[in-house]
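Residue-level structure breakdown
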Amino acid sequence: MLLAGCFHDDLSWKELLDAQGNKLSEQERALQEQQARLDAEQQRLDELAGKYDGLKKSDTPFMLVMAKNPADTITKGVDFAALFRVNPSGVAVTKDMIALDCIASKQFFRVEPSTKASYVKKSDHFSLKNLEVDKNASGESLDGQYLATLTSATEAAVWDESRMAFVGAYVDKEAKPQYISSEAFNTVMMPLPAEGLDSWIYPHASFKVKMIKKEGETTVEEDTLGMVFVPLDGLTFKTKDESDVRFYTAANLSEVTFLPDEGCTAAVHIDFNQEKHYVSFGPDTTNNETWRQFQDSTGIKRQDVSGTLVLQDRWGGASTCHLVMSWYNTTVFELSYEVTAEEIRKGYPVNFTDEVAKLGLVYSDYAACRRLLPVPVHMVMEGLEYMPDVFESETEVEKGVLTLYDTPVPGHTYRTQEIRDLRIGVSDIDPKDVPVAVRFSFFINVTIKTEN
């Protein structure tokens, strides 16, 4: 028992000594880290001498103390404020005595969509715009407290994360300049909404679209007003060495509004789907005479709507773009041809590109969109069939060949029908969200010429 007790006591002393040693090691590490910070700060202050020799220097030593850090996130081009105090408060400072020093920064540049050219320009992203004595609610000056107005400006589409501080200088008793710094603060400069998003539009829509939906076991058809969509695709931002990345999405927007052009009487309602990152427009027919006349018109008609789309972000930034949209009232039309029996036997070539454009299917606009190819629905009626050419991504046109499988009868008219559904991929995060933008059908009539 005695031997066991002695062993236990020895072990306790060893644990105590180890614990004290660990504590001393931790204190030593803390002191080393503190000294490293002090050395780094002194090195930075020494470097300020070369960077800010032009600063006007005070005759009295002073210190800068942050009273209120600026916003941690702002949008490019938006001014923002910071408060700092001067100690002692009796030292008066002016804008030419204070500079904004960037201690460290990291920039992320926009990765351009493949269809667009990349642009990056160098610029100072943050600067001190104004400095004035802070005032209380009664308008009285607060002794020793200053309001600094900072601004962010650059021509580049850039996402900037910077660590900054205010610096100043005074002349000591030996007539040597001494540089001082406030506490550091972090500020992120976000790109403008138009720079962070790849927004695009397919500008045409059918005025009315017959939608088919399921209600239990029953299939129901109903007419609904057609929509024009503006997808707001997110973009990637990378450092120049591509070692780090950031993503900008429509979730950064706080509000989307539409300002119609002067004289635009066809009202529209706007819906911002923030969850799926797109904006939709639909005719607002409530007590609107322009839409009433359009709806009651006959023949192929088009109603244009123009105005400015305003994208506002969560930090006070805004971007605008001008839109021109068109709604088409006719969903059925006819095309007629008179051909010889020999021409129809060989296959009669036709080109409907200009005709379907009158109903909103404009392939030159459609080619640049994220979309589903409008797979033609065609029917063989009375032996007549229209076979469209295979669509090519950059040269899509509505053309093909008319073929008659029956023996052509001079003087007889053959008839067939085509249906077109044009769908737009409106969401950059939901590939299944592909609503109909344009829907119509057309009949093709072919009359066989009577031989003389």
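Residues numbered from 1 in each chain as written. Predicted model: local features only at pLDDT ≥ 70, side-chain atom pairs only at ≥ 80, totals over all residues. Heavy atoms only, no water.

1. Side note on the overall build of the chain
The condition is simple: Runs of H or I in DSSP of at least four residues are treated as helices and runs of E of at least two as strands, each being numbered from the N terminus. Exposure is judged per residue with a 1.4 Å probe applied to protein chains only, and the accessible area is read against the type maximum: over 50% gives exposed, under 20% gives buried, and values in between give partly exposed. The contact rule is simple, with two residues in contact once any of their heavy atoms fall within 4.5 Å.
Along the chain, the regular secondary structure elements total 6 helices and 28 strands. Put simply, the chain has 452 residues, and 41% of those count as buried. Counting only contacts in the chain whose residues sit at least 6 apart along the sequence, the fraction spanning at least 24 positions is 71%.

2. Structural notes on the sheet that holds strand 22 (residues 348-351)
Spelled out, the test is: The pairing criterion for strands is at least two bridges between them, as found by DSSP. The axes used here are C-alpha line fits, helices contributing only the stretch in contact, and every angle between their N-to-C directions lies in the interval 0 to 180 degrees.
Pairing in this open sheet of 3 strands is antiparallel, and the strands run 22-26-25 from one edge to the other. On the outer flanks of this sheet lie strand 22 and strand 25 (384-388), each paired with one strand and no other. Between one strand axis and the next, the sheet turns through 30° on average, direction left out of account. Where strand 22 and strand 26 (residues 399-404) come together, 4 bridges link them in antiparallel fashion. Its bridge partner lying in strand 26, Tyr-348 is registered against Leu-402.

3. Considerations on the environment of Val-446
Looking at the element boundaries, Val-446 is found in strand 28 (residues 436-448). Between the C-alpha atoms of Val-446 and Ser-336, which are 110 residues apart in sequence, the distance is 5.9 Å. Not counting chain neighbours up to four residues away, the residues in contact with Val-446 comprise Tyr-337, Val-339, Ile-344, Leu-384, Leu-402, His-412, Thr-413 and Tyr-414.

4. Considering the environment of Ser-326
Using the following cut-off: For the purposes of these results, a polar contact is taken to be a pair of N or O atoms within 3.5 Å, where, inside protein, one atom must be able to donate a hydrogen and its partner to accept one; residues adjacent in sequence count only when each atom of the pair is a side-chain atom.
When you line up the elements, Ser-326 lands in strand 20 (residues 318-328). Once residues lying within four places of it in the same chain are set aside, the contact partners of Ser-326 are Pro-203, His-204, Ala-205, Val-228, Arg-302, Gln-303 and Asp-304. Side chain to side chain, Ser-326 and Asp-304 meet in a polar contact 2.6 Å long.

5. Description of helix 3 (residues 289-296)
Defined as follows: In this context, the arc is that of the directions from the helix axis out to the C-beta atoms.
Those residues of helix 3 not exposed but buried are Thr-290, Trp-291 and Phe-294. The buried residues of helix 3 all sit within an arc of 90° when viewed along its axis, so they share a single face. Looking at helix 3, the residues exposed on the side facing more than 90 degrees away from the buried face are Gln-293 and Asp-296. For helix 3, the elements touching its buried residues are strand 17 (268-273), strand 18 (278-283), strand 19 (302-313) and strand 20. If you check the start of helix 3, you find a side-chain oxygen 3.2 Å away from the backbone N of Thr-290, and it comes from Asn-288.

6. Some details on the sheet that holds strand 1 (residues 63-68)
The strand order across the open sheet built from 4 strands is 1-3-6-5, with neighbouring strands paired in antiparallel fashion. Edge positions in the sheet fall to strand 1 and strand 5 (126-135), since each has one partner strand and no second. For this sheet, the mean angle separating the axes of adjacent strands, direction not counted, is 35°. Inspection of the sheet shows strand 3 (residues 80-87) paired to strand 6 (residues 141-152) by 6 bridges, in the antiparallel sense. The partner of Ala-81 across the bridge, within strand 6, is Thr-149.

7. Considerations on the packing of aromatic side chains
The cut-off we apply is this: Stacked, edge-to-face and tilted labels apply to pairs of Phe, Tyr and Trp rings (six-membered ring for Trp) whose centres lie within 6.5 Å, assigned for plane angles under 30 degrees, over 60, and everything in between, in that order. Both a distance and an angle decide whether a charge sits over a ring: NZ of Lys or CZ of Arg must be within 6 Å of the ring centre and within 35 degrees of the ring normal.
What the rule picks out here adds up to 20 aromatic pairs. Positioned over the ring face of Phe-443 is Arg-415, at 4.0 Å from the centre of the ring.

8. A short note on the pattern of salt bridges
Worth spelling out the cut-off: Here a salt bridge means any side-chain nitrogen of Lys or Arg lying within 4 Å of a carboxyl oxygen belonging to Asp or Glu.
Under the defined criterion, the tally for this structure stands at 19 salt bridges. Glu-355 is the partner of Lys-358 in a salt bridge, and the nearest nitrogen-oxygen pair spans 3.5 Å. Given the relative accessible area of 42%, Lys-358 is considered partly exposed. For Glu-355, a relative accessible area of 26% gives the class partly exposed. Glu-418 is the salt-bridge partner of Arg-420, the closest N and O atoms lying 3.1 Å from each other. You'll find Arg-420 and Glu-418 in the same group, each marked buried. Taken together, the salt bridges that share partners define one network made up of Lys-106, Glu-161, Asp-244 and Arg-246.

9. Focus on the environment of Val-228
You can see Val-228 is positioned in strand 14 (residues 228-238). For Val-228, a relative accessible area of 0% gives the class buried. Spatially, the C-alpha atom of Val-228 lies 7.8 Å from that of Ile-201, the residues being 27 residues apart in sequence. Ignoring any residue separated from it by four or fewer positions in sequence, one finds Val-228 in contact with Ile-201, Tyr-202, Pro-203, His-204, Ala-205, Val-279, Ser-280, Phe-281, Met-325, Ser-326 and Trp-327.

10. Describing the side chain of Gln-145
Along the polypeptide, Gln-145 turns up in strand 6. Here the side chain of Gln-145 touches Arg-85 through a polar contact of 2.9 Å, side chain to side chain. Among residues more than four places away in sequence, those in contact with Gln-145 are Ala-67, Leu-83, Phe-84, Arg-85, Val-133 and Asp-134.

11. Structural notes on the side chain of Glu-385
Under the convention used in this document: A positive count includes Lys and Arg, and a negative count includes Asp and Glu. His and the chain ends are not counted in either.
Structurally, Glu-385 can be placed in strand 25. For the buried Glu-385, no salt bridge exists, and the shortest N-O distance to an oppositely charged side chain is 11 Å, to Arg-420.

12. What about unusual backbone geometry?
Cis geometry is adopted by the peptide bond preceding Pro-88, which originates at Asn-87 and carries an omega value of 5°. You can see Pro-88 is positioned in the loop between strand 3 and strand 4 (99-110). Positive phi values are uncommon outside glycine, yet Glu-242 reaches one of about 60°. Turning to its location among the elements, Glu-242 is positioned in the loop between strand 14 and strand 15 (245-248). Residue Glu-242 is classed as exposed on the basis of its relative accessible area, which comes to 60%. Not every positive phi belongs to a glycine, and His-277 is a case in point at roughly 70°. Here His-277 shows up in the loop between strand 17 and strand 18. The exposure class assigned to His-277 is buried, which follows from its relative accessible area of 7%.

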